[in-house]
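# Examining the three-dimensional arrangement
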Amino acid sequence: IGSVAYELDWVARPHGSLPPSVSFDSESGVGRGPPGIMAERTETVSVGEPLTLSVNATDPSERDQDDARNVSVPLRVVWSQLQGPGPVTYTRHESNPVPEQEEVVDSTSAAGRRAIARNNNPPGPESVRLEEGHGLASVIVTFSEPGEYVLRAQVDNFNAVDSASNDQCCWTNGYVRVHVTR
């Protein structure tokens, strides 16, 4: 007999947050939640040749717009290497400007309350912020060794008042296979 207290669910969080919707193209469908979605198409590129990867992301959350904490919750997309024989280099895409400051939500403060701190160090080129809560997040990647790679785009809305990195609710994974030749 299991406990329902540890089950993942698709129910909106207290302020309306839901996992973002992620897609790669019209044929792949849409993914939501940690299982996410794998792009149907495998990208092919040569070692040292830049490749632009893009993911469509939308926050389907329905928040109370009269609550000032719910106004303009951006999405964050972080690209990372899930598997592959060599390191991947990330370059900021021209559609991804360097933010001046980023809010970091700390849900582990001593009193258990959310504390918002300013991070004056801009995120790396693999991190894309979609201020409007939807859009296309692109990054340029370059591979150092031939082989088969899988890259992940993790999309989250962790700046929402009812979502945090320790909450199993509000992120979605998108995966892209890349075949790298000599």
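Everything that follows concerns the structure shown earlier in this document.
Structure report, in brief. In this text, all values refer to a predicted model and were calculated from it rather than measured experimentally. (Residues numbered from 1 in each chain as written. Predicted model: local features only at pLDDT ≥ 70, side-chain atom pairs only at ≥ 80, totals over all residues. Heavy atoms only, no water.)

### Comments concerning the pairing of strand β5 (residues 51–58)
A one-sided burial pattern is seen for β5, the buried positions being Leu51, Leu53, Val55 and Ala57 and the unburied ones Thr52, Ser54, Asn56 and Thr58. Bridge analysis of strand β1 (residues 21–23) against β5 gives 3 bridges, and the strand direction is antiparallel. Within the sheet, the bridge partner assigned to Val22 lies in β5 and is Ala57. In this structure, β5 lies alongside strand β11 (residues 134–143), joined through 8 bridges in antiparallel fashion. What sits directly across from Leu53, in β11, is Val139. (Buried < 20%, exposed > 50% of the residue type's maximum accessible area, 1.4 Å probe, protein only. Helix = DSSP H or I, 4+ residues; strand = E, 2+ residues; numbered from the N terminus. Pairing = 2+ DSSP bridges.)

### What about the side chain of Asn96?
Within the secondary structure, Asn96 sits in the loop between β7 (88–92) and β8 (102–106). Excluding its chain neighbours within four sequence positions, the residues that come into contact with Asn96 are Pro125, Ser127, Val128, Arg129 and Ser138. (Contact = heavy atoms within 4.5 Å.)

### Focus on the sheet that holds β5
What links the strands of a sheet is backbone hydrogen bonding, and the strands pair in either a parallel or an antiparallel sense. One open sheet accounts for 5 strands, arranged β2-β1-β5-β11-β7; its pairing is antiparallel. Two strands lie at the open edges of the sheet, namely β2 (31–32) and β7, each paired on one side alone.

### A short note on the environment of Val141
The residue Val141 is located in strand β11 in this model. Residue Val141 is classed as buried on the basis of its relative accessible area of 0%. Taking C-alpha positions, Val141 is 9.5 Å from Trp79, a pair spaced 62 residues apart along the chain.

### Digging into the packing of aromatic side chains
Scanning the model with the defined rule gives 1 aromatic pair in all. Both rings, one in Phe143 and one in Tyr149, keep their centres 4.6 Å apart while their planes meet at 55°; by these two values the pair is tilted. Each member of the pair, Phe143 as well as Tyr149, carries the same accessibility label: buried. (Phe/Tyr/Trp six-rings, centres within 6.5 Å; stacked < 30°, edge-to-face > 60°.)

### Concerning the environment of Phe143
One can find Phe143 in strand β11. Owing to a relative accessible area of 1%, Phe143 belongs among the buried residues under this scheme. Residues within four places of Phe143 in sequence aside, it is in contact with Val45, Val47, Gly48, Leu51, Pro87, Val88, Tyr149, Leu151, Val178 and Val180.

### A short note on the pattern of salt bridges
Considering all chains together, one arrives at 3 salt bridges under this definition. Taking the shortest distance from any N to any O, the salt bridge between Arg76 and Asp156 comes out at 2.8 Å. Pair noted here: Arg76 is in strand β6 (residues 75–83) and Asp156 is in strand β12 (residues 147–156), with a separation of 80 residues, a long-range link. Residue class for Asp156 comes out buried when judged on its relative accessible area of 3%. (Salt bridge = Lys/Arg side-chain N within 4 Å of Asp/Glu carboxyl O.)

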